[in-house]
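Now for the letters of each chain:
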Amino acid sequence: MKETKIYERPKSWKKGVHTHYCPGCGHGITHRILCEVIDELGIQEKTIGIAPVGCAAMMYDYIDVDFCEAAHGRAPALATGLKRTRPDQVVFTYQGDGDLASIGTAEIVHVANRGEKITTIFINNAIYGMTGGQMAPTTLVGQRATTCPEGRDPNLAGYPMRMCELLATLKTPAYIARVSVAQPKYIIEAKKAIKKAFEYQISGKGYSFVEVLSNCPTNWGMQPVKAFEWTVSAMMPYYPLGVFKDFDKEAE
(Lines give C-alpha, C1' and ligand atoms only; values in the text may rest on other atoms or scores of the structure.)
Protein backbone atom coordinates (compact mmCIF):
# COMPACT_ATOMS: atom_id res chain seq x y z
CA MET A 1 0.00 0.00 0.00
CA LYS A 2 1.34 3.42 -0.96
CA GLU A 3 1.88 5.71 2.00
CA THR A 4 0.45 9.21 1.86
CA LYS A 5 1.97 11.93 3.99
CA ILE A 6 -0.76 13.94 5.71
CA TYR A 7 1.20 15.66 8.45
CA GLU A 8 4.72 17.03 8.59
CA ARG A 9 6.86 19.66 10.25
CA PRO A 10 6.14 23.15 8.88
CA LYS A 11 9.02 24.63 6.91
CA SER A 12 9.11 27.66 9.21
CA TRP A 13 9.56 25.47 12.31
CA LYS A 14 13.25 25.15 13.12
CA LYS A 15 14.62 21.65 12.64
CA GLY A 16 15.57 19.53 15.62
CA VAL A 17 14.15 21.75 18.35
CA HIS A 18 11.66 20.96 21.08
CA THR A 19 9.76 23.57 23.05
CA HIS A 20 10.23 24.25 26.74
CA TYR A 21 6.48 24.44 27.36
CA CYS A 22 4.79 22.32 30.00
CA PRO A 23 2.97 19.19 28.80
CA GLY A 24 -0.49 20.09 27.51
CA CYS A 25 0.24 23.81 27.14
CA GLY A 26 -1.60 25.58 24.33
CA HIS A 27 1.39 27.66 23.28
CA GLY A 28 2.83 24.81 21.24
CA ILE A 29 -0.42 24.35 19.33
CA THR A 30 -0.62 28.05 18.58
CA HIS A 31 3.01 28.10 17.44
CA ARG A 32 2.23 25.25 15.05
CA ILE A 33 -0.73 27.19 13.63
CA LEU A 34 1.44 30.26 13.15
CA CYS A 35 4.03 28.25 11.25
CA GLU A 36 1.42 26.66 9.00
CA VAL A 37 -0.05 30.07 8.20
CA ILE A 38 3.39 31.55 7.47
CA ASP A 39 4.15 28.63 5.14
CA GLU A 40 0.83 28.77 3.33
CA LEU A 41 1.07 32.52 2.76
CA GLY A 42 4.71 32.22 1.64
CA ILE A 43 5.88 35.01 3.95
CA GLN A 44 8.69 33.33 5.91
CA GLU A 45 11.38 35.58 4.45
CA LYS A 46 9.42 38.79 5.12
CA THR A 47 7.96 38.14 8.57
CA ILE A 48 9.13 39.76 11.81
CA GLY A 49 7.79 38.47 15.11
CA ILE A 50 7.86 40.35 18.42
CA ALA A 51 8.43 37.94 21.28
CA PRO A 52 6.88 38.82 24.66
CA VAL A 53 8.01 38.65 28.25
CA GLY A 54 6.37 35.51 29.59
CA CYS A 55 6.17 31.82 28.78
CA ALA A 56 6.69 32.49 25.06
CA ALA A 57 9.72 34.75 25.54
CA MET A 58 11.95 32.26 23.71
CA MET A 59 9.62 31.50 20.81
CA TYR A 60 12.36 32.73 18.48
CA ASP A 61 14.13 29.44 19.24
CA TYR A 62 11.33 27.56 17.47
CA ILE A 63 9.90 29.67 14.64
CA ASP A 64 12.32 30.39 11.81
CA VAL A 65 11.55 34.03 11.04
CA ASP A 66 13.21 37.25 12.18
CA PHE A 67 12.39 38.18 15.77
CA CYS A 68 12.81 41.04 18.22
CA GLU A 69 12.31 40.81 21.97
CA ALA A 70 10.20 43.52 23.57
CA ALA A 71 10.17 44.79 27.13
CA HIS A 72 7.18 43.60 29.14
CA GLY A 73 4.00 44.95 27.54
CA ARG A 74 5.78 47.04 24.94
CA ALA A 75 5.51 44.68 21.97
CA PRO A 76 2.87 46.82 20.18
CA ALA A 77 5.09 49.90 20.42
CA LEU A 78 8.10 48.01 19.04
CA ALA A 79 5.97 46.51 16.28
CA THR A 80 4.70 49.96 15.34
CA GLY A 81 8.24 51.23 14.83
CA LEU A 82 9.25 48.21 12.79
CA LYS A 83 6.19 48.29 10.55
CA ARG A 84 6.45 52.02 9.90
CA THR A 85 10.13 51.64 9.11
CA ARG A 86 9.66 48.50 7.00
CA PRO A 87 6.10 48.56 5.64
CA ASP A 88 7.05 45.77 3.24
CA GLN A 89 7.43 43.32 6.15
CA VAL A 90 4.71 41.29 7.90
CA VAL A 91 4.96 42.18 11.59
CA PHE A 92 3.18 40.37 14.42
CA THR A 93 3.22 40.48 18.20
CA TYR A 94 2.63 37.39 20.30
CA GLN A 95 1.56 38.24 23.84
CA GLY A 96 0.10 36.66 26.97
CA ASP A 97 -2.63 38.07 29.17
CA GLY A 98 -0.25 39.57 31.73
CA ASP A 99 1.91 41.12 29.02
CA LEU A 100 -0.96 42.50 26.95
CA ALA A 101 -3.87 43.11 29.31
CA SER A 102 -1.94 44.30 32.37
CA ILE A 103 1.35 46.13 31.92
CA GLY A 104 0.72 46.54 28.19
CA THR A 105 -2.88 47.79 28.30
CA ALA A 106 -2.06 51.29 27.10
CA GLU A 107 0.11 50.04 24.24
CA ILE A 108 -2.46 47.60 22.89
CA VAL A 109 -5.34 50.07 23.10
CA HIS A 110 -3.45 52.82 21.31
CA VAL A 111 -1.94 50.61 18.61
CA ALA A 112 -5.45 49.37 17.85
CA ASN A 113 -6.90 52.87 17.96
CA ARG A 114 -4.27 54.11 15.51
CA GLY A 115 -5.03 51.19 13.20
CA GLU A 116 -1.39 50.17 12.86
CA LYS A 117 -1.04 47.61 10.09
CA ILE A 118 0.27 44.83 12.30
CA THR A 119 -1.18 41.61 13.74
CA THR A 120 -1.47 40.62 17.40
CA ILE A 121 -1.83 37.06 18.64
CA PHE A 122 -3.10 37.26 22.23
CA ILE A 123 -2.85 34.13 24.41
CA ASN A 124 -5.45 34.17 27.18
CA ASN A 125 -4.88 31.39 29.72
CA ALA A 126 -6.41 33.34 32.60
CA ILE A 127 -3.26 33.43 34.72
CA TYR A 128 0.34 34.58 34.91
CA GLY A 129 2.18 31.47 33.71
CA MET A 130 5.93 32.05 33.78
CA THR A 131 6.09 33.92 37.08
CA GLY A 132 4.29 31.35 39.22
CA GLY A 133 0.54 31.53 38.73
CA GLN A 134 -0.51 34.95 39.98
CA MET A 135 -3.93 36.44 39.21
CA ALA A 136 -4.04 38.05 35.77
CA PRO A 137 -6.49 40.63 34.38
CA THR A 138 -8.21 37.67 32.69
CA THR A 139 -8.46 35.39 35.75
CA LEU A 140 -12.09 34.35 36.19
CA VAL A 141 -14.21 35.28 39.20
CA GLY A 142 -13.67 32.58 41.82
CA GLN A 143 -10.63 31.16 40.03
CA ARG A 144 -7.75 30.51 42.40
CA ALA A 145 -4.26 31.89 41.88
CA THR A 146 -1.25 32.41 44.12
CA THR A 147 -2.27 36.02 44.74
CA CYS A 148 -5.94 35.13 45.32
CA PRO A 149 -5.83 31.67 46.95
CA GLU A 150 -9.54 31.82 47.79
CA GLY A 151 -10.50 32.85 44.26
CA ARG A 152 -10.78 36.16 42.44
CA ASP A 153 -13.07 38.55 44.27
CA PRO A 154 -14.52 41.21 41.94
CA ASN A 155 -15.04 43.54 44.89
CA LEU A 156 -11.25 43.64 45.31
CA ALA A 157 -9.88 43.01 41.82
CA GLY A 158 -12.72 43.95 39.49
CA TYR A 159 -14.01 41.64 36.78
CA PRO A 160 -11.94 39.80 34.15
CA MET A 161 -11.12 41.95 31.15
CA ARG A 162 -12.61 40.99 27.79
CA MET A 163 -10.02 42.39 25.39
CA CYS A 164 -11.85 41.58 22.16
CA GLU A 165 -14.98 43.35 23.32
CA LEU A 166 -12.94 46.31 24.56
CA LEU A 167 -10.96 46.79 21.34
CA ALA A 168 -14.03 46.22 19.17
CA THR A 169 -15.50 49.48 20.48
CA LEU A 170 -12.75 51.34 18.59
CA LYS A 171 -13.40 52.52 15.06
CA THR A 172 -10.08 51.70 13.44
CA PRO A 173 -9.25 47.98 13.95
CA ALA A 174 -9.92 45.89 10.84
CA TYR A 175 -10.30 42.42 12.35
CA ILE A 176 -10.88 41.20 15.91
CA ALA A 177 -11.68 37.57 16.76
CA ARG A 178 -11.58 35.15 19.67
CA VAL A 179 -10.72 31.49 19.10
CA SER A 180 -9.48 28.53 21.13
CA VAL A 181 -7.09 25.58 20.89
CA ALA A 182 -8.97 23.42 23.40
CA GLN A 183 -10.30 20.88 20.88
CA PRO A 184 -9.57 19.97 17.23
CA LYS A 185 -12.72 21.66 15.95
CA TYR A 186 -11.67 24.89 17.62
CA ILE A 187 -8.09 24.58 16.36
CA ILE A 188 -9.38 24.49 12.77
CA GLU A 189 -11.26 27.75 13.33
CA ALA A 190 -8.28 29.27 15.13
CA LYS A 191 -6.10 28.70 12.10
CA LYS A 192 -8.67 30.32 9.81
CA ALA A 193 -8.80 33.40 12.04
CA ILE A 194 -5.03 33.76 12.35
CA LYS A 195 -4.61 33.34 8.60
CA LYS A 196 -7.25 35.98 7.94
CA ALA A 197 -5.55 38.34 10.40
CA PHE A 198 -2.28 38.05 8.48
CA GLU A 199 -4.09 38.44 5.14
CA TYR A 200 -5.67 41.66 6.38
CA GLN A 201 -2.24 43.01 7.25
CA ILE A 202 -0.75 41.95 3.92
CA SER A 203 -3.57 43.67 2.03
CA GLY A 204 -3.14 46.83 4.12
CA LYS A 205 -6.62 46.82 5.61
CA GLY A 206 -5.46 47.71 9.10
CA TYR A 207 -4.87 46.31 12.56
CA SER A 208 -5.85 42.70 13.29
CA PHE A 209 -6.18 41.02 16.69
CA VAL A 210 -6.79 37.34 17.46
CA GLU A 211 -7.35 36.22 21.03
CA VAL A 212 -6.62 32.53 21.66
CA LEU A 213 -8.21 30.86 24.68
CA SER A 214 -5.49 28.54 25.91
CA ASN A 215 -4.73 26.65 29.09
CA CYS A 216 -2.09 26.41 31.82
CA PRO A 217 -2.21 22.91 33.33
CA THR A 218 0.71 23.60 35.69
CA ASN A 219 -0.62 26.75 37.32
CA TRP A 220 -4.23 25.65 37.15
CA GLY A 221 -3.21 22.51 39.00
CA MET A 222 -4.85 20.21 36.45
CA GLN A 223 -3.90 17.38 34.16
CA PRO A 224 -3.75 18.54 30.51
CA VAL A 225 -6.99 16.83 29.45
CA LYS A 226 -8.85 18.33 32.40
CA ALA A 227 -7.35 21.75 31.64
CA PHE A 228 -8.61 21.65 28.05
CA GLU A 229 -12.05 20.63 29.34
CA TRP A 230 -12.01 23.52 31.82
CA THR A 231 -11.15 25.93 29.01
CA VAL A 232 -14.40 24.92 27.32
CA SER A 233 -16.63 24.65 30.39
CA ALA A 234 -15.39 27.65 32.40
CA MET A 235 -13.62 30.09 30.08
CA MET A 236 -15.80 30.00 26.98
CA PRO A 237 -19.03 31.06 28.73
CA TYR A 238 -17.31 34.25 29.90
CA TYR A 239 -15.08 34.63 26.83
CA PRO A 240 -17.37 33.63 23.93
CA LEU A 241 -15.72 32.66 20.66
CA GLY A 242 -16.46 34.61 17.52
CA VAL A 243 -15.63 37.56 15.29
CA PHE A 244 -16.13 40.93 16.96
CA LYS A 245 -15.03 43.19 14.13
CA ASP A 246 -14.49 42.50 10.44
CA PHE A 247 -13.64 45.27 7.97
CA ASP A 248 -14.89 43.31 4.95
CA LYS A 249 -18.30 42.59 6.45
CA GLU A 250 -18.72 46.18 7.62
CA ALA A 251 -17.88 47.39 4.11
CA GLU A 252 -20.60 45.26 2.50
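Use the structure listed above.
Residues numbered from 1 in each chain as written. Predicted model: local features only at pLDDT ≥ 70, side-chain atom pairs only at ≥ 80, totals over all residues. Heavy atoms only, no water.

Q: Explain the side chain of N124 here, please?
A: With respect to the element layout, N124 can be found in strand 4 (residues 119–124). A relative accessible area of 0% means that N124 is categorised as buried. A distance of 2.9 Å separates the side chain of N124 from the side chain of E211, its partner in a polar contact. Residues within four places of N124 in sequence aside, it is in contact with D97, T138, E211, V212, L213, S214, M235 and Y239. (Helix = DSSP H or I, 4+ residues; strand = E, 2+ residues; numbered from the N terminus. Buried < 20%, exposed > 50% of the residue type's maximum accessible area, 1.4 Å probe, protein only. Polar contact = N/O pair within 3.5 Å; in protein donor to acceptor, adjacent residues only side chain to side chain. Contact = heavy atoms within 4.5 Å.)

Q: Please clarify how the packing of helix 1 (residues 26–41) against helix 7 (residues 184–202) should be interpreted in this entry.
A: The description of two packed helices rests on the angle between their axes and on the distance between the axes. Axis separation between helix 1 and helix 7 bottoms out at 10 Å; the angle between their running directions is 45 degrees. With respect to helix 7, the axis of helix 1 lies oblique. Between helix 1 and helix 7 lies a crossing of right-handed hand. Only I187, A190, K191, I194, K195, F198, E199 and I202 of helix 7 make contact with helix 1, whose side of the interface consists of I29, T30, I33, L34, E36, V37, E40 and L41. Residues that form the contact of helix 1 with helix 7 fall into these classes: 10 nonpolar, 1 polar and 5 charged. (Axes fitted to C-alpha atoms, helices over the stretch in contact; angles between N-to-C directions. Parallel < 35°, antiparallel > 145°, perpendicular 65-115°, else oblique. Left-handed = near helix turned anticlockwise from the far one by under 90°. Nonpolar A, V, L, I, M, F, W, Y, C, P; charged D, E, K, R; others polar.)

Q: Is there a simple way to think about helix 7 in this case?
A: An α-helical turn contains 3.6 residues, so a residue and the one three or four places further along point in the same direction. Taking 1.5 Å of rise per residue, the 19 residues of helix 7 would be expected to cover 27 Å, and the 27 Å separating its terminal C-alpha atoms lies within 8% of that figure. Restricting attention to buried positions, one finds in helix 7 the residues Y186, A190, A193, I194, A197, F198, Y200 and Q201. Mapping the buried residues of helix 7 onto a view down its axis gives an arc of 155 degrees, with all of them on the same face. Among the exposed residues of helix 7, those oriented more than 90 degrees off its buried face are P184, K185, I188 and K192. Following helix 7 by one or two positions, G204 has its phi on the positive side, about 75 degrees. (Expected span 1.5 Å × (residues − 1). Arc of directions from axis to C-beta.)

Q: Explain the pairing of strand 4 here, please?
A: Sheet faces and side chains relate simply in a regular strand, where the side chains alternate between the two faces. Along strand 4, 6 of the 6 residues are buried, which leaves the element largely enclosed by surrounding structure. Across the two faces of strand 4 the burial is the same, with T119, I121 and I123 and T120, F122 and N124 all buried. The pairing of strand 3 (residues 90–96) with strand 4 spans 5 bridges and is parallel. Directly across from G96, in strand 4, lies its bridge partner I123. (Pairing = 2+ DSSP bridges.)

Q: What am I meant to see in unusual backbone geometry here?
A: What is expected of a backbone is that most residues other than glycine have negative phi and most peptide bonds are trans. Even without a glycine there, the phi angle at A126 is positive, about 65 degrees. For A126, the position within the fold is in the loop between strand 4 and helix 5 (154–157).

Q: Please clarify how the side chain of E116 should be interpreted in this entry.
A: If you trace the backbone, E116 turns up in the loop between helix 4 (105–114) and strand 4. Overall, E116 belongs to the buried group, its relative accessible area being 6%. Here the side chain of E116 touches R84 through a polar contact of 2.5 Å, side chain to side chain. Every residue in contact with E116, bar those within four places of it in the chain, is listed here: T80, R84, V111, G206 and Y207.

Q: Would you take a moment to explain the packing of aromatic side chains for this structure?
A: Two numbers describe a pair of aromatic rings. These are the distance of the centres and the angle of the planes. A full pass over the atoms with the stated rule returns 8 aromatic pairs. Judged by centre distance (5.5 Å) and plane angle (55 degrees), the rings of Y175 and Y200 are tilted. Here Y175, found in strand 5 (residues 175–180), pairs with Y200, found in helix 7; they are 25 residues apart in sequence, far enough to count as distant. Judged by its relative accessible area of 3%, Y200 is buried. With a centroid separation of 5.0 Å and 85 degrees between ring planes, the pair formed by Y238 and Y239 is classed as edge-to-face. One exposure class covers both Y238 and Y239, and it is buried. (Phe/Tyr/Trp six-rings, centres within 6.5 Å; stacked < 30°, edge-to-face > 60°.)

Q: How do you make sense of the nonpolar core when you look at a structure like this?
A: Grouped burial of nonpolar side chains is what soluble globular proteins tend to show. Judged by nonpolar contacts, the single largest core of 34 residues is most densely connected at L34, M59, I63 and V210. Looking at this core, the elements that each hand over two or more residues are helix 1, strand 3, strand 4, strand 5, helix 7 and strand 6 (208–213). The biggest single contributor to this core is helix 7, with 6 residues. One finds I50, F122, L167 and F209 within the second-largest nonpolar core, a separate group that totals 20 residues. (Core = buried A, V, L, I, M, F, W, Y, C linked by side-chain atoms within 4.5 Å.)

Purely spatial values, then, with no claim about function.
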